[in-house]
Amino acid sequence: MSSMMKIERIQARILDIPTIRPHKFSFGAISRQSPVIVQLWLRNGATGFGEAATIGGPSWNEESPESILHAIESYLGPALAGQDASRFEALLQRMDAVCKGNHFAKGAVEMAAVDAVSRTLGVPAWSLLGGKVRESMPLAWTLASGDSAKDIEEAEAMLAARRHRVFKLKIGARAAADDIAHVGRIARALAGRASLTVDINQAWDGNTARRHLPALVASGVTLIEQPVARWNVEALRALTAALPTDALLMADETVCSPQDALQLAQQRACHVFSLKVAKHGGLVRTRAVAAIAEAADIGWYGGTMLETSLGSAASAHVFATLAGRDHGCELFGPQLLVDDIVSTPMTLRDFELHFPDGPGFGVDVVPERLDRFDRARQGLQAVHVDLGRNSKAATAVKD
Ligand SMILES: O=C(O)C[C@H]1C=CC(=O)O1
Ligand SMILES: [Mn+2]
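Summary of the structure given here. Since the model is a prediction, treat every value here as computed from it, not as a measurement.

## Some points on the overall build of the chain
Next, step 1: Summing up its helical and strand segments, the chain has 15 helices and 16 strands in all.
Next, step 2: Over its C-alpha trace the chain gives a radius of gyration of 20 Å, about what one expects of a compact globule, namely 21 Å for 399 residues.
Next, step 3: Counting only C-alpha atoms and orienting by the principal axes, one finds that the chain spans roughly 60 × 45 × 40 Å.
Next, step 4: Per-residue burial for the chain yields a buried fraction of 52% across its 399 residues.
Next, step 5: Intrachain contacts of the chain at a sequence separation of at least 6 include 76% that bridge at least 24 residues.

Here you go:
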């Protein structure tokens, strides 16, 4: 069997898919996503797909669609040619030997290998990842238009359609007092009908966070994500210790490797990990980070890098297998994009995302859609985050 599972070829390409509206972060706004889609062929004729999405080029962390494509084409793909695709850990070790870091790129390749092997065996990917313990999860939606009235209108529509009742607000681009007022307006409008979380995406220093987190909790926010820089574990520790008991502090950018997870656990520097397949470097390593969460009595959240239905379904497969205490998920990337690359996306019903079964990740990529959004075919340039007039970077230049 294993010679049948040998990797014949790996190909990657960048897609550019517009978002349904600008999505604003503390560091700028995006109006398109540029996922890298990997296709992997086995000698047995089976094929699998993987995805790595970044946000605003390399604005979220060091990796960009271009760096991911380059790492796969020049290093990871050649290192894996002829290898047994079913030996996932061995593939990771080989990729680590030829390429330091580059977790997003490795994650996309490993995802394609898991898909191809699952399809060869005719089984769902979750069965190779430990077996599933859940069929669905509550699905959050991010309100990030930058305008309180528009965000409230959007939330009302989501509630009426029974799609989402957990809303994550992206803050940190404006003065903290303006953000607190924005969160307060939305909290009052949705009181008793929805829960609210905020993601500051590293925008605050420790003192700003210490001063403003109590007001966020007082207005009803129950989960606070990455308020300070990813290196600032000491501030995360102090904020976690001081947070009123109604709310939890969640690490995102700080928790990538199992070693990051262990450090946060040892220092009790958060209550929850946001798990994301891309930043952990694949499905297998997502499980390694989740194991540390469980052992340390830290909760987990099913995070997203705003992937298409492909990367979202792959994430759903690993989230389906995890033990420990979960705090819902945010695999809403497909709903934020104007179009999709699979024939039938995952089902969203009664505020829950229903996880697909297999074979593979249980979603089928439509080749013509890949062609339609292919950056090379569209002749588009690299995506840049829009620094806009609200951003600190733009203000700093003006000042
Ligand atoms: O969590 C992030 O930092 C990235 C992403 C996830 C949801 C969203 O709106 O942005
Ligand atoms: Mn985040």
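Following the structure, the description resumes.
## Comments concerning the nonpolar core
Next, step 1: The biggest cluster of nonpolar side chains holds 127 residues, and the ones touching the most others in it are Val38, Ile72, Ala108, Val109, Cys270, Phe273 and Leu310.
Next, step 2: If you tally residues by element for this core, the top one is helix α3 (residues 103-121), at 10 residues.
Next, step 3: Domain assignment of the residues forming this core places at least three in each of domain 1 (7-122 + 367-377) and domain 2 (127-354).
Next, step 4: What Ala108 contacts, discounting residues up to four positions off in sequence, is Val36, Val38, Gly50, Glu51, Ala52 and Ile68.

## As for the sheet that holds strand β1 (residues 7-14)
Next, step 1: The sheet built from 3 strands is open, its strands ordered β1-β4-β5 with antiparallel pairing. Edge positions in the sheet fall to β1 and β5 (47-52), since each of these pairs with one other strand and no more. Going across the sheet, the axis of each strand differs from the next one's by a mean of 20°, ignoring polarity.
Next, step 2: In this sheet, β5 lies alongside strand β4 (residues 36-42) in antiparallel orientation, the contact comprising 6 bridges. The residue of β5 that forms the bridge with Ile37 is Glu51.
Next, step 3: In this fold α3 packs onto β1, β4 and β5, with an angle of close to 155° to the strand it touches most, β5.

## Some thoughts on the site of ligand 1
Next, step 1: Close contacts around ligand 1 come from Ile55, Thr142, Ala144, Asp199, Asn201, Asp252, Gly303, Thr304, Leu306 and Glu330, and that covers them all.
Next, step 2: Split into classes, the residues belonging to the shell around ligand 1 amount to 3 nonpolar, 4 polar and 3 charged.

About the thresholds
Residues numbered from 1 in each chain as written. Chains lettered and ligands numbered in written order. Predicted model: local features only at pLDDT ≥ 70, side-chain atom pairs only at ≥ 80, totals over all residues. Helix = DSSP H or I, 4+ residues; strand = E, 2+ residues; numbered from the N terminus. Rg over C-alpha atoms; globule rule 2.2 N^0.38 Å. Buried ≥ 20, exposed ≤ 12 C-beta atoms within 10 Å, placed from the backbone. Contact = placed C-beta atoms within 7 Å. Core = buried A, V, L, I, M, F, W, Y, C linked by C-beta atoms within 7 Å. Domains from an automatic or database assignment. Pairing = 2+ DSSP bridges. Axes fitted to C-alpha atoms, helices over the stretch in contact; angles between N-to-C directions. Near = placed C-beta within 6 Å. Nonpolar A, V, L, I, M, F, W, Y, C, P; charged D, E, K, R; others polar.

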